[in-house]
Amino acid sequence: MRHLGFVAGWVVKAFVVVLAITILNFFLIRMAPGDPAIVLAGEAGAADEQFMAQVRQDFGLDKPLPVQLAAYVGNVLTLDLGQSYRAQRPVVDMLFERLPATLLLTGTAYLFALIVGPLLGALAAMRSRTVFDSALMVVALFFYATPIFWVGLLLILVFSVNLGWLPPFGMQSLIPVSGTLNHVLDVARHLVLPALTLGLFYVAVYVRLTRASMLETASLDYVKTARAKGLPEWRVATAHILRTALLPIITFAGLQAGHLVGGAVVVETVFAWPGIGRLAFDALFQRDYNLLLGVFLLSALMVVFFNMLTDIFLRIADPRIGGNS
Amino acid sequence: MSFFRRFAQNRGALVGLAVLFVIVLIAIFTPMVSSADPWKSLGRPLTPPGAQFPLGSDMLGRDVLTGILFGARISLLIGILSAVVSALIGVTVGAVAGFFGGWVDDVLVRITEFFQTIPSFIFAILLVAILTPGLTSIVVAIAVVTWPPIARLARAEFMTLRRREFVEAAVLSGVSQPRIIVREVLPNAISPLIVMGSLTVATAILTESALSFLGLGDPNRISWGYMIGASRTVFRQAWWLSVFPGLAIVSTVLAINLVGEGLNDALNPHLKGRVGVQ
């Protein structure tokens, strides 16, 4: 029953987000200077009157605004995001084609950041005011101030161009490899640099947060008690301090999910990673706004998904949460 | 201890302030002093750093150093303007929510949460693309995606201050509500907001650089992100085209973050070393 309530809660949240984004999209299109039909079609049908009439009919642009809105919301809720007038294909198909690549990239970066960040932060806190701590904090400060695309370009320069260790772009080799295992390894090799690029910023954020949070927790009475009863220091650090200190970090990771998904646009552009971020960049370049609106909607749904994941982690880390609700 | 003593105790903040000072001077004076044109081709394309071009030339033979010096202005301008607009939205929403509470608070918190959940960078891309790229649309887009953390902070501050005696006294003596918010509560809530605002400038500069990297910058002004984005196709042969403008972005953002931490130490001594990462 408890799990059912949890799932239902998130379904409602996803629904509200979809509804809100849909309404936002609707008004965004009408904020654009000029005829919404031209905006929606991009440059695809600028000259063709018959084509524009088709677009107007698809979106009911000749009807009053509330009717248009209702029709638009209805379409989206039935998974009809309209056509990409550039590609002459339904937007939904194009999005679902690209979704797995983006989930792989953002999911890897998210886990990488959530594991490595707190780990390094905890080490820094346990060795606070040593050379290791200061060095780590300087590195974290640096990555916190670095544009994500620049990190990507530098990693390509070092690891692909100079050292030749890892492929600089794409998700798999141009010449297909044989065998499932080889294919997985091939994708994994291509994944390293983009996931690192996307993850490093958040590693930096979580290192700083974990360190601060642990130092604060370390001064609490119950930690003194744990020490007083003779527990070894590493046990105090992991079981007593880190577990409590982790809660704000996990919560924060949930809040950051939106940035993570947004950052994927930049990273996918740098690494030519065939996900929805790259699709967004192409749509932008070709002024294919209907496709761009679809990317926005789907990425918002991905954020809801990551928030849900975060919520599950939180419940594992702190059994008090959601116990009796 | 005075404000300046506390600020100066943070070494990093002093370094940051010095770097930032230089960058501000560059931003203000380069276009006034120099007659160079950052868009003009001055020699052979893709010349490595050397005597003619200290930081190399790009694929059209333009001087990278000139581009970086001229780019300082737009980066700082957009960073500061967006942070100001963002703070105006954030503080207004947060102040109203925290001060009035009740259903007003509920509604505003929901809206803030919504804006915090949506993938902000994609939203910014959409806004700039649809409003057509330019200084105004970039500032609006960055402000629209960066105000929620400020609103949350302002709300928390206003909620605590709302119950303090001096506010109750002002209410009882019949001072109007807008006046209480602006003249009584805001001055007491301002220091954490200033710190947050300074960090927002850094975020805004990073966002602007990413937007112009994708080709969504102001087409009439050279910017660091644009320089990196425009040279993306040749960056493997010409590392200097992406490395140097990138260093300019990193130094600026780093300097602002360090100054923000120093401000935090100086303005909120009880929160020393706990600067809020966004």
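About the criteria used
- Residues numbered from 1 in each chain as written.
- Chains lettered and ligands numbered in written order.
- Predicted model: local features only at pLDDT ≥ 70, side-chain atom pairs only at ≥ 80, totals over all residues.
- Heavy atoms only, no water.
- Helix = DSSP H or I, 4+ residues; strand = E, 2+ residues; numbered from the N terminus.
- Buried < 20%, exposed > 50% of the residue type's maximum accessible area, 1.4 Å probe, protein only.
- Contact = heavy atoms within 4.5 Å.
- Areas by Shrake-Rupley, 256 points an atom, 1.4 Å probe, with all protein chains shown as cover.
- Lys, Arg positive; Asp, Glu negative; His and termini not counted.
- Charge placed at Lys NZ, Arg CZ, Asp CG, Glu CD.
- Domains from an automatic or database assignment.
- Buried area = accessible area lost by both parts, 1.4 Å probe.
- Salt bridge = Lys/Arg side-chain N within 4 Å of Asp/Glu carboxyl O.
- Expected span 1.5 Å × (residues − 1).
- Bend = angle between axes of the 7 residues up to and from the residue.
- Phe/Tyr/Trp six-rings, centres within 6.5 Å; stacked < 30°, edge-to-face > 60°.
- Lys NZ or Arg CZ within 6 Å of the ring centre and 35° of its normal.
- Polar contact = N/O pair within 3.5 Å; in protein donor to acceptor, adjacent residues only side chain to side chain.
- pLDDT = per-residue confidence, 0-100.
- Patch = residues over 30% accessible without salt bridge, like charges linked within 9 Å, V, L, I, M, F, W, Y side chains within 5 Å.

Engineer: How would you sum up the overall build of chain B? Please name residues and give values.
Structural biologist: Scanning chain B for helices and strands turns up ten helices and zero strands. On the principal axes, the C-alpha backbone points of chain B span a range of 75 × 45 × 30 Å. With 278 residues in all, chain B has 54% of them scored as buried. Contacts in chain B between residues far apart in sequence, at least 24 positions, make up 71% of those at least 6 positions apart. As displayed, chain B has an accessible area near 12300 Å², and 65% of this comes from carbon and sulfur atoms. Chain B carries 20 positive and 14 negative side-chain charges, and their two centres are separated by 4 Å.

Engineer: An account of the overall build of chain A is needed here, citing residue identities and associated values.
Structural biologist: Check the secondary structure of chain A and you find twelve helices and two strands. Overall, the C-alpha framework of chain A stretches about 80 × 55 × 40 Å when taken along its three principal axes. Put simply, chain A has 325 residues, and 50% of those count as buried. Working note: accessible area of chain A is about 15300 Å², and carbon and sulfur atoms make up 68% of it. Distance between charge centroids for chain A: 14 Å, based on 22 positive and 19 negative side chains.

Engineer: Quick rundown of the domain arrangement of chain A? Include the residues and the values.
Structural biologist: Each domain of chain A was delimited in the assignment, giving domain 1 (18-77) and domain 2 (99-288 + 303-324). With centres defined by C-alpha atoms, the gap from domain 1 of chain A to domain 2 of chain A works out at 38 Å.

Engineer: Before we move on, could you go through the interface of chain A and chain B and cite the residues and values that matter?
Structural biologist: Across the contact, 49 residues belong to chain A and 42 residues belong to chain B. Interface area, chain A with chain B, both sides summed: about 4200 Å², of which 79% is carbon and sulfur. Scanning the region where chain A abuts chain B turns up one salt bridge. Its salt-bridge partner being A:R208, residue B:E261 comes within 3.1 Å of it at the nearest N-O pair. Elements with a contribution of two residues or more to the side of chain A that touches chain B: α1 (2-31), α6 (131-144), α7 (148-162), α8 (180-218), α10 (233-271), α11 (276-285) and α12 (289-317) of chain A. For the side of chain A that touches chain B, the element with the most residues is α10(A), which contributes eleven residues.

Engineer: Requested: an account of helix α8 (residues 177-213) of chain B, with residues and values cited.
Structural biologist: All names here are of chain B. A rise of 1.5 Å per residue sets the reference length of α8, with its 37 residues, at 54 Å; its end C-alpha atoms lie only 45 Å apart and thus fall more than 12% short of the reference. When the local axis directions of α8 are compared, the greatest deviation, roughly 60 degrees, occurs at L186, which is followed within four positions by the proline P187. Remark: G215 follows α8 within two positions and exhibits a positive phi of approximately 90 degrees.

Engineer: Residues and numbers for the packing of aromatic side chains, please.
Structural biologist: Tallied over the full model, the rule gives 15 aromatic pairs over all chains. Look at B:F115 and B:F123: their rings are 6.1 Å apart centre to centre, the planes differ by 50 degrees, and that puts the pair in the tilted class. As far as the burial class goes, B:F115 and B:F123 line up, both buried. Ring geometry for B:F115 versus B:W147: centroids 5.5 Å apart, planes at 55 degrees, classification tilted. Of the two residues, B:F115 is situated in helix α4 (residues 102-117) and B:W147 in helix α6 (residues 135-162); the sequence distance between them amounts to 32 residues. Three or more aromatic residues link up through ring pairs in this structure, and these residues are A:F296, B:F114, B:F115, B:F123 and B:W147. For A:K13, the ring lying beneath its charged end belongs to A:W10, and the centroid distance is 4.3 Å. The residue whose ring lies beneath B:R162 is B:F99, and the NZ or CZ to ring-centre distance is 4.6 Å.

Engineer: Hey, could you go over the side chain of B:T146 for me, with residue numbers and the actual values?
Structural biologist: All names here are of chain B. Mapped onto the fold, T146 is located in helix α6. At 3.1 Å, the side chain of T146 and the side chain of S86 are in polar contact. Excluding its chain neighbours within four sequence positions, the residues that come into contact with T146 are S86, T200 and T203.

Engineer: Please give an account of the confidence of the model for chain B that cites residues and values.
Structural biologist: Residues and elements named next belong to chain B. With 96% of its residues at a pLDDT of 70 or more, chain B shows a mean pLDDT of 85. This stretch, residues 273-278, has a pLDDT under 50; its non-local contacts, to residues over four places away or in other chains, come to 20 contacts. Both scores are available for the predicted complex, with the pTM at 0.87 and the ipTM at 0.85.

Engineer: Can you lay out a nonpolar patch on the surface for me, pointing to particular residues and giving the numbers?
Structural biologist: All names here are of chain A. Where nonpolar side chains cluster on the molecular surface, the patch consists of V12, F15, V16, L19, I23, F27, L65 and L77 and spans about 660 Å² of accessible area. Per element, the largest residue contribution to the nonpolar patch is six residues, and it comes from α1. Tracing the backbone shows I23 in helix α1. Taking the relative accessible area as the measure of exposure, I23 reaches 31% and is therefore partly exposed.

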